[in-house]
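Structure at a glance
Below, each chain spelled out in residue letters.
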Amino acid sequence: HLGPYLIGAIRALVEQGNWKPNASWLKADRHGLYLQWPQAAKDLVDFGRARGYAAWPNDAPTLAALLKAAGIVKEEGAELGTIEIVDESGEIVPALKIANPLAVFDDFDPADY
């Protein structure tokens, strides 16, 4: 039941300018869109708490499980469903892959990355 609120939180963080592709915890490449994990979880937890959402998750593992259960992120990878991506500094970091980037951006084109 939190799915719409979770995707809404992601969209709001983008629309407010807190998250920008490859300049925040939101990463993009020609294969898709990712949340650098667990760093993105803190922003999402803080977002829900600030709005007083009932039953809002307060830790990265619970949040990852809810994002997967709602179909917002793909079920793949290792612990918590994370996969490895390369960040802007060239380091390999864990991330959750967003299942449908168009749920976050109205005009997402992976070719732009």
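To keep things clear, this report deals only with the structure shown in the data block.

Turning our attention to the overall build of the protein chain. Across its full length, the protein chain holds three helices and four strands. Taking 113 residues into account, the globule formula puts the C-alpha radius of gyration at 13 Å, and the protein chain, at 13 Å, falls close to it. The C-alpha extent of the protein chain, read off along each of the three principal axes, is 35 × 30 × 25 Å. For the protein chain, the proportion of its 113 residues judged to be buried stands at 43%. Pairs at least 24 apart in sequence give 56% of the contacts found in the protein chain among residues at least 6 apart. If you sum the accessible surface of the protein chain, you get close to 6000 Å²; carbon and sulfur atoms cover 50% of it. The distance from the centre of the 10 positive side-chain charges to the centre of the 16 negative ones in the protein chain is 4 Å.

Applying the stated criterion to the full structure yields five aromatic pairs. On the basis of an interplanar angle of 15° and a centroid distance of 5.6 Å, the ring pair of Phe108 and Tyr113 is categorised as stacked. What links up through ring pairs into an aromatic cluster is the set Tyr5, Phe47, Tyr53 and Trp56.

Here we take up the nonpolar core. With 31 residues, the main nonpolar core has Ile10, Trp19, Leu35, Trp37, Leu44 and Leu67 as its most contacted residues. Within the residue set of this core, elements represented by two or more residues are helix H1 (3-15), strand E1 (26-29), strand E2 (32-36), helix H2 (39-50) and helix H3 (60-69). By residue number, the principal contributor to this core is H1, which donates seven residues. What Trp19 contacts, discounting residues up to four positions off in sequence, is Ile10, Leu13, Val14, Ser24, Trp25, Leu26, Leu35, Ala40, Asp43 and Leu44. Counting five residues, the second largest nonpolar core, distinct from the first, contains Tyr34, Ile83, Val93 and Ala95.

Interaxial distance between H1 and H2 falls to 10 Å at its minimum, and their mutual angle equals 100°. Overall, the two elements H1 and H2 adopt an arrangement that is roughly perpendicular. Residues Ala9, Ile10, Ala12 and Leu13 of H1 lie in contact with H2, whose contacting residues are Asp43, Leu44 and Phe47. Grouping the constituent residues of the contact of H1 with H2 by class yields six nonpolar, no polar and one charged.

Criteria and thresholds
Residues numbered from 1 in each chain as written. Predicted model: local features only at pLDDT ≥ 70, side-chain atom pairs only at ≥ 80, totals over all residues. Heavy atoms only, no water. Helix = DSSP H or I, 4+ residues; strand = E, 2+ residues; numbered from the N terminus. Rg over C-alpha atoms; globule rule 2.2 N^0.38 Å. Buried < 20%, exposed > 50% of the residue type's maximum accessible area, 1.4 Å probe, protein only. Contact = heavy atoms within 4.5 Å. Areas by Shrake-Rupley, 256 points an atom, 1.4 Å probe, with all protein chains shown as cover. Lys, Arg positive; Asp, Glu negative; His and termini not counted. Charge placed at Lys NZ, Arg CZ, Asp CG, Glu CD. Phe/Tyr/Trp six-rings, centres within 6.5 Å; stacked < 30°, edge-to-face > 60°. Core = buried A, V, L, I, M, F, W, Y, C linked by side-chain atoms within 4.5 Å. Axes fitted to C-alpha atoms, helices over the stretch in contact; angles between N-to-C directions. Parallel < 35°, antiparallel > 145°, perpendicular 65-115°, else oblique. Nonpolar A, V, L, I, M, F, W, Y, C, P; charged D, E, K, R; others polar.

In short, geometric facts, not functional conclusions.
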